[in-house]
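Results of the structural survey
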Amino acid sequence: AALLVAAFLPINLVMQLVWGISVLKPLQLWLLENRLVTDDSWRPMLAALDWVRTGPDGSLYREIFFTRNIKFQYPPTSLLPLAGIEALGLQATPLLLNVINRLLLLASAIGVGALGWILLKRQNTGDPLIPALGAIVFGGATFFYFPMTYGYQLGQVQVWGNAFFIFACLAWVLNRKAAAGILVGLICLLKPQLALFLVWAVLRREWKFLAGGAATGVIALVLSVALFGFKNHLAYIEALQFMSRHGEAHLSNHSFNSFLHRLTGNDDGLAWSNQNFSPFNPIVYAGSLIATVATLVMGLWLRGGSEGEKSLMQFLLAALTFTIASPIAWEPHYGVLAPALVVAFCAVLAMPQNPARRNWLIGLAAIFVFSANHFPVVALFAHTPLIPLQSYILIAGIGMMWMLWRLTASAQRIAAPVTGA
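Each value, and the rule that gives it
- Residues numbered from 1 in each chain as written.
- Predicted model: local features only at pLDDT ≥ 70, side-chain atom pairs only at ≥ 80, totals over all residues.
- Heavy atoms only, no water.
- Helix = DSSP H or I, 4+ residues; strand = E, 2+ residues; numbered from the N terminus.
- Rg over C-alpha atoms; globule rule 2.2 N^0.38 Å.
- Buried < 20%, exposed > 50% of the residue type's maximum accessible area, 1.4 Å probe, protein only.
- Contact = heavy atoms within 4.5 Å.
- Polar contact = N/O pair within 3.5 Å; in protein donor to acceptor, adjacent residues only side chain to side chain.
- Phe/Tyr/Trp six-rings, centres within 6.5 Å; stacked < 30°, edge-to-face > 60°.

Next up on the list: the overall build of the protein. For the protein, the helix and strand inventory stands at 19 helices and zero strands. For the protein, the C-alpha radius of gyration of 21 Å lies close to 22 Å, the compact-globule estimate for 421 residues. For the protein, the C-alpha atoms occupy an extent of roughly 65 × 50 × 45 Å along the three principal directions. Per-residue burial over the protein gives 53% buried out of 421 residues. Residue pairs at least 24 apart in sequence account for 75% of intrachain contacts in the protein once pairs closer than 6 positions are excluded.

In structure tokens:
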């Protein structure tokens, strides 16, 4: 940990001074900026909410997404929280929404720390300081983890999704499967691809989780259709098809689709556009589909046992594969790696002290360094053989998928559910 910190801070200070962005920037904003008004998610969401309330009959996505070229990439159900805030007599402004994000980021750090505390405590090391120190380290590292904090800097709703998922992991480890399902159901209001968890739950006969997630989804969908119209929900399919066919090659998109765009030279991903997507390329599209199917199979595959830490690792593996399989996976979408790193570290810590354990720890450290940082220098790798390194978070995500896959076959029951906890 000391070596990581010693290497971590100077590198980020250099990146902050040279490129003006690093993991230190969102932390600085979280600590010092009380009136953050960035609106990366809020601007398109508020535009969509305003249109469904005041606009003429027609397709929300045809007007906002295709005609105005506003990147409202979320389903209509994502507008429910904003409508709920306004139903309380408040105005859903970027300032208020970023205040909520600020609180949720703090809650996420506490949740990550609590997850580590529970897992380390169940290892029964006999030293009460180890779980306490682990909770402090894990919770503190959350504020230095770019996929967790960058969404706050941008003003993104993904901060909500990351917080809900962390608490879903906590609910899972405490054997509150229905509560975990409800939380994942709430995430599906923002990221419908996580609805694949329903298939995952059926394959594993996790009926309580399935009931919680399905009930949340059905209630939210009925309410959303009543408020925003069935036609707008049906039109979202067209927007999804367009995004899956085109994708985005920008360096901040760490998906197979983005990687293939840059690799084939279809789009170098160096220029950001608030309006346009990458041009359609049949090779990129076909390659993305193959990678998506292969990744989803890995996430849905029945692997290892269904008890204790193995079950939690399968839960994390599924969430990670559903994220990577998406044609658009921005840096904040990889917040799922934060609890995954904690769970994997605690599992490796329980291994006998031998060279294999050391190698696991080195691998985890490498995944942390690659996924925790933003490296602007990779823009220089465009049109060179180093293009694959531009997808460094995707590489880290694949590495974590492999680790979770291996660990599910060997993990001991150090996180067995506690009845009545």
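What follows deals with the side chain of His374. Turning to its location among the elements, His374 is positioned in the loop between helix H18 (355-372) and helix H19 (392-407). Residue classification places His374 among the buried residues on the basis of a relative accessible area of 12%. Engagement of the side chain of His374 in a polar contact is seen with the side chain of Glu331, the distance being 2.8 Å. In this structure, His374 is in contact with Met15, Ile21, Phe146, Glu331 and Tyr392, ignoring residues within four places of it in sequence.

So, on to the packing of aromatic side chains. This model, assessed by the stated rule, comprises 28 aromatic pairs. Here Phe65 and Phe277 contribute two aromatic rings whose centre-to-centre distance is 5.5 Å and whose plane-to-plane angle is 40°, an arrangement assigned as tilted. Placement of the pair is Phe65 in helix H4 (residues 60-67) and Phe277 in the loop between helix H14 (256-264) and helix H15 (282-300), with a sequence separation of 212 residues. By relative accessible area, Phe65 is classed as buried at 4%.

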